[in-house]
Amino acid sequence: MSVEFIPNRVFYEPGALDYPLGKTLVERFLQMGVSVSATASHNRITGIPGNTAAVAYREAKRTLVIGVRRSKTFQSCKPSAHYQLPLVTSCPGMCEYCYLATTLGKKPYVRIYVNLAEILGIASSLIQERLPEITQFEGAATSDPVPVERYTGALKQTIEFFGREPNGRFRFVTKYTDIESLLDAKHEGHTRFRFSLNCSEIVKKYEHGTPPPEERIIASGKVLKADYPLGFIIAPIFRFEGWQEAYRRLMERTAEELTRRAPLGWSSEQLTLEFISHRYTAKAKATILEVFPNSTLPMQEDERKFKYGQFGYGKYIYQPEEMKEMKEFFQEQAKFYFPLAQVEYFI
Ligand code: SF4
């Protein structure tokens with residue numbers, strides 16, 4: 001199945017036509033034969049079909065909104081970065097456990113912003129405010145920014161913006177592999193390019209509309225060859241029959257590809273690893289079951305431990321002894337396959 005994102009319908013905010021990218025995109029989608037219409041107002045998108053939550057969700061994932069970002073500030077993004085850098089909202093992928101499921105609601109249409117120069121201007125002011133400290137920005141807090149890159153080129157421009165910024169750093173994470181256009185970006189080592197990985201047993205079952213792990217691993221090798229600081233997020237980690245062997249193979253195959261592609265003098269010291277075990281909130285579970293009524297995601301409260309969280313949202317995580325076993329397992333694997341890598345956390 002191709003994962004190339006071609007929207008079924010496009011909406012544009014009338015204000016988007018004041019920007020060259022907005023005009024170009026509207027013309028391009030019209031030429032492609034995609035239905036294009038103006039939205040009545042900012043933030044109110046009507047006209048996404050679907051009588052059930054499941055159908056409306058799928059149609060929303062095939063809907064692109066060309067917008068203008070109006071807010072003059074960025075949200076904070078603790079602890080991984082100082083600020084979110086909003087380039088895109090949502091993503092055409094349909095991972096059943098998407099981390100955006102609770103925030104984006106039941107019609108998570110994809111929104112891109114055409115006023116990139118203004119957005120980067122805000123980043124520039126925020127960097128100035130924190131001088132002489134380095135300021136970190138996260139580009140995937142509200143989306144996977146890669147699937148729409150073919151249309152906007154925003155990620156490449158952002159990477160090059162940070163390449164010119166001695167005191168700014170950028171990071172993002174993706175499951176997508178359409179990254180050729182980013183390989184020659186002048187990043188100057190200021191962008192950490194991370195891939196989200198999981199074993200194929202899990203990707204096939206739950207990460208609908210995303211490339212298989214093997215393709216992500218091959219893409220990560222290209223990114224490494226292009227000298228980017230590289231990272232992996234292994235998430236969400238599940239326990240299932242044979243989980244250790246499945247995740248071991250994933251780490252082994254990744255290490256093999258990186259060894260093959262690494263530029264001279266590279267060592268795993270420059271690699272970051274993040275591990276996140278599967279967890280869910282009651283609210284996320286309700287949304288998931290509405291959108292994916294036949295989901296086989298393991299979400300049995302009596303099998304999990306309830307952990308009180310920030311803002312009153314408790315999470316269901318694995319039992320303490322299971323977590324301990326998983327943490328030790330991944331620490332061992334990391335040490336074996338990437339002896340010098342920086343394990344940022346296991347949660
Ligand atoms: S690729 Fe990422 S952002 Fe897109 S649906 Fe999957 S988890 Fe969500």
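Going by the structure above, here's the rest.
Residues numbered from 1 in each chain as written. Predicted model: local features only at pLDDT ≥ 70, side-chain atom pairs only at ≥ 80, totals over all residues. Heavy atoms only, no water.

Trainee: I'd like a description of the overall build of the protein chain, backed by residues and values.
Mentor: Along its length, the protein chain carries eleven helices and 16 strands. Taking 347 residues into account, the globule formula puts the C-alpha radius of gyration at 20 Å, and the protein chain, at 20 Å, falls close to it. Expressed as lengths along the three principal axes of its C-alpha atoms, the size of the protein chain is roughly 55 × 50 × 40 Å. Counting only residues that meet the buried cut, the protein chain has 51% of its 347 residues in that class. Partitioning the intrachain contacts of the protein chain with sequence separation of at least 6 by distance along the chain shows that 77% fall at a separation of at least 24. Working note: accessible area of the protein chain is about 16400 Å², and carbon and sulfur atoms make up 52% of it. Distance from the positive charge centre (45 side chains) to the negative charge centre (40 side chains) of the protein chain: 4 Å. (Helix = DSSP H or I, 4+ residues; strand = E, 2+ residues; numbered from the N terminus. Rg over C-alpha atoms; globule rule 2.2 N^0.38 Å. Buried < 20%, exposed > 50% of the residue type's maximum accessible area, 1.4 Å probe, protein only. Contact = heavy atoms within 4.5 Å. Areas by Shrake-Rupley, 256 points an atom, 1.4 Å probe, with all protein chains shown as cover. Lys, Arg positive; Asp, Glu negative; His and termini not counted. Charge placed at Lys NZ, Arg CZ, Asp CG, Glu CD.)

Trainee: Tell me what's going on with the sheet that holds strand E3 (residues 63–67), and back it up with residues and numbers.
Mentor: The strand order across the open sheet formed by five strands is E2-E1-E3-E7-E5, and the pairing between neighbours is mixed. Looking at which strands have only one partner, the edges of the open sheet turn out to be strand E2 (35–38) and strand E5 (88–89). With four bridges joining them, strand E1 (residues 9–12) and E2 adopt parallel strand pairing. Its bridge partner lying in E2, Phe11 is registered against Ser37. (Pairing = 2+ DSSP bridges.)

Trainee: Residues and numbers for unusual backbone geometry, please.
Mentor: The step from Leu131 to Pro132 runs through a cis peptide bond, and the omega angle for that step is 5 degrees. Its location among the elements puts Pro132 in the loop between helix H4 (116–129) and strand E8 (135–138). Residue Ala235 is joined to Pro236 through a cis peptide bond whose omega torsion reads -20 degrees. Counting through the fold element by element, Pro236 comes out in strand E12 (residues 230–237). Despite not being glycine, Glu188 has its phi angle at roughly 55 degrees, a positive value. Turning to its location among the elements, Glu188 is positioned in the loop between strand E9 (168–174) and strand E10 (191–197). Residue class for Glu188 comes out exposed when judged on its relative accessible area of 54%. Here Asp227, not a glycine, exhibits a phi torsion of approximately 70 degrees, which is positive. For Asp227, the position within the fold is in the loop between helix H8 (213–225) and E12.

Trainee: Can you explain the pattern of salt bridges? Please cite residues and give values.
Mentor: Following the criterion strictly, the structure yields 26 salt bridges and no others. Between Glu322 and Arg239 there is a salt bridge, with its nearest N and O atoms 3.8 Å apart. With Glu322 in helix H11 (residues 320–337) and Arg239 in the loop between E12 and helix H9 (243–261), the pair connects residues that are 83 residues apart, well separated along the chain. One continuous salt-bridge network, built from bridges that share partners, spans Glu214, Arg253, Glu256, Glu257, Arg260 and Arg261. (Salt bridge = Lys/Arg side-chain N within 4 Å of Asp/Glu carboxyl O.)

Trainee: I'd like a rundown of the environment of Leu87, residues and numbers included.
Mentor: Along the chain, Leu87 turns up in the loop between strand E4 (83–84) and E5. Residue Leu87 is classed as buried on the basis of its relative accessible area, which comes to 5%. For the pair Leu87 and Glu322, spaced 235 residues apart in the sequence, the C-alpha separation amounts to 37 Å.

Trainee: Could you give an account of the sheet that holds E9, with specific residues and numbers?
Mentor: Sheet architecture is open: seven strands sit in the order E4-E8-E9-E10-E12-E13-E16, paired in parallel fashion. At either end of the open sheet lies a strand with only one pairing partner, and these are E4 and strand E16 (342–346). Taken strand by strand, H4 contacts E4, E8 and E9, and its axis lies near 150 degrees from that of E8. Relative to E12, H9 is tilted by about 165 degrees, and along the sheet it contacts E10, E12 and strand E13 (271–277). (Axes fitted to C-alpha atoms, helices over the stretch in contact; angles between N-to-C directions.)

Trainee: So, the site of the ligand: which residues are in play, and what are the values?
Mentor: In the vicinity of the ligand, the residues found are Lys61, Cys91, Gly93, Cys95, Cys98, Tyr99, Leu100, Asp144 and Lys175. Taken together, the residues of the shell around the ligand break down into five nonpolar, one polar and three charged. (Near = heavy atom within 4 Å. Nonpolar A, V, L, I, M, F, W, Y, C, P; charged D, E, K, R; others polar.)

Trainee: Got a sec to walk through the side chain of Thr89? Specific residues and values, please.
Mentor: Residue placement: Thr89 occurs in strand E5. Residue classification places Thr89 among the buried residues on the basis of a relative accessible area of 17%. Here the side chain of Thr89 touches Tyr113 through a polar contact of 3.0 Å, side chain to side chain. In this view, Thr89 contacts Leu104, Tyr109, Val110, Arg111, Tyr113, Thr142 and Ser143; residues no more than four positions away in its chain are not counted. (Polar contact = N/O pair within 3.5 Å; in protein donor to acceptor, adjacent residues only side chain to side chain.)

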